[in-house]
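Chain and residue survey
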Amino acid sequence: MIETQHSAIGLRHGTLVHVPYRERWPELFQAEREMLREAIPSPEAEIEHIGSTSVPGLMAKPIIDIAVAVPEADHDDTAGSLEDLGYVDRGHRSGRLFIRLRDEDVRTHNLHLYHPDDPAMRDQIVFRDVLRRDPKVAHAYAALKYGIAQRASRTEYAEEKALFIRRILLEASLH
């Protein structure tokens, strides 16, 4: 079977599914990044691939997570540009969250809009880099996510993941 862009990413609203790592995820991020780079008015925009789809070999929800940092003065213009691209503003949740949908209820992208000095963005990057560097931590994270998803609600899933992430960030800050 040939994997298309549509089969490589997307998760229906209200579902929690993890899939094996897909080689197309970095390519799909790069395509989105290029489109964002052209649309975002701030020349200082920083655009990063974050989340599990940014870690080679890691199972993930098939949604491309993106962190974008622009100066505060550019936030409103950037939000307008994102909406023009079809992103839906979901308000403030780990930055200002925008989502991209396919077929009205299949989420394909989560985009977090931050200020350049926002600690939440820094934490996203640090955690991603730890997972990329340390296969033991990446394996432990994958096992945790899989285990939680088998037995817990979406809220519990997020809370338990957050505990693991905070522990790893604390360890990273001590090194």
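The coordinates are above.
Note that the structure is predicted; figures quoted are calculated from it, not measured.

Now for the overall build of the chain. A tally of regular secondary structure across the chain gives six helices and six strands. When the helices and strands of the chain are read in sequence order from the N terminus, they spell out α-β-α-β-β-α-β-β-β-α-α-α. In terms of overall size, the chain behaves like a compact globule, its C-alpha atoms giving a radius of gyration of 16 Å where 175 residues would be expected to give roughly 16 Å. C-alpha atoms of the chain, sized along the principal axes, occupy 45 × 40 × 25 Å.

Ranked by size, the top nonpolar core spans 22 residues in total, and within it Trp25, Leu36, Ile66, Val68 and Leu111 carry the most contacts. Of all the elements in the fold, those that place two or more residues in this core are helix H2 (24-39), strand S3 (64-69), helix H3 (75-84) and strand S6 (106-114). Of all the elements, H2 adds the most residues to this core, at four residues. Residues in contact with Trp25, not counting those within four places in the same chain, are Ala8, Ile9, Val19, Pro20, His49, Thr53, Leu58, Ala60, Pro62 and Ile64.

Here the structure, examined in full by the defined rule, presents ten salt bridges. Across the pair Arg102 and Asp103 runs a salt bridge whose closest N-O atoms are separated by 3.7 Å. Among the residues examined, Asp103 registers a relative accessible area of 59% and is labelled exposed. As a salt-bridge pair, Asp123 and Arg122 come within 3.1 Å of each other at their nearest N and O atoms. You can call Arg122 partly exposed: its relative accessible area is 49%.

The next thing to look at is the packing of aromatic side chains. Applying the stated criterion to the full structure yields four aromatic pairs. Their ring planes at 85 degrees and their centres at 5.4 Å tell us that Tyr21 and Trp25 sit as a pair that is edge-to-face. Ring centres of Tyr141 and Phe164 lie 5.4 Å apart, and the angle between their planes is 25 degrees; on these two criteria the pair is classed as stacked. One end of the pair, Tyr141, is in helix H5 (residues 135-151); the other, Phe164, is in helix H6 (residues 154-174), with 23 residues separating them in the sequence. The exposure class assigned to Phe164 is buried, which follows from its relative accessible area of 10%. An aromatic cluster of at least three residues, connected via ring pairs, comprises Phe127, Tyr141 and Phe164.

Quick notes on the rules
Residues numbered from 1 in each chain as written. Predicted model: local features only at pLDDT ≥ 70, side-chain atom pairs only at ≥ 80, totals over all residues. Heavy atoms only, no water. Helix = DSSP H or I, 4+ residues; strand = E, 2+ residues; numbered from the N terminus. Rg over C-alpha atoms; globule rule 2.2 N^0.38 Å. Core = buried A, V, L, I, M, F, W, Y, C linked by side-chain atoms within 4.5 Å. Buried < 20%, exposed > 50% of the residue type's maximum accessible area, 1.4 Å probe, protein only. Contact = heavy atoms within 4.5 Å. Salt bridge = Lys/Arg side-chain N within 4 Å of Asp/Glu carboxyl O. Phe/Tyr/Trp six-rings, centres within 6.5 Å; stacked < 30°, edge-to-face > 60°.

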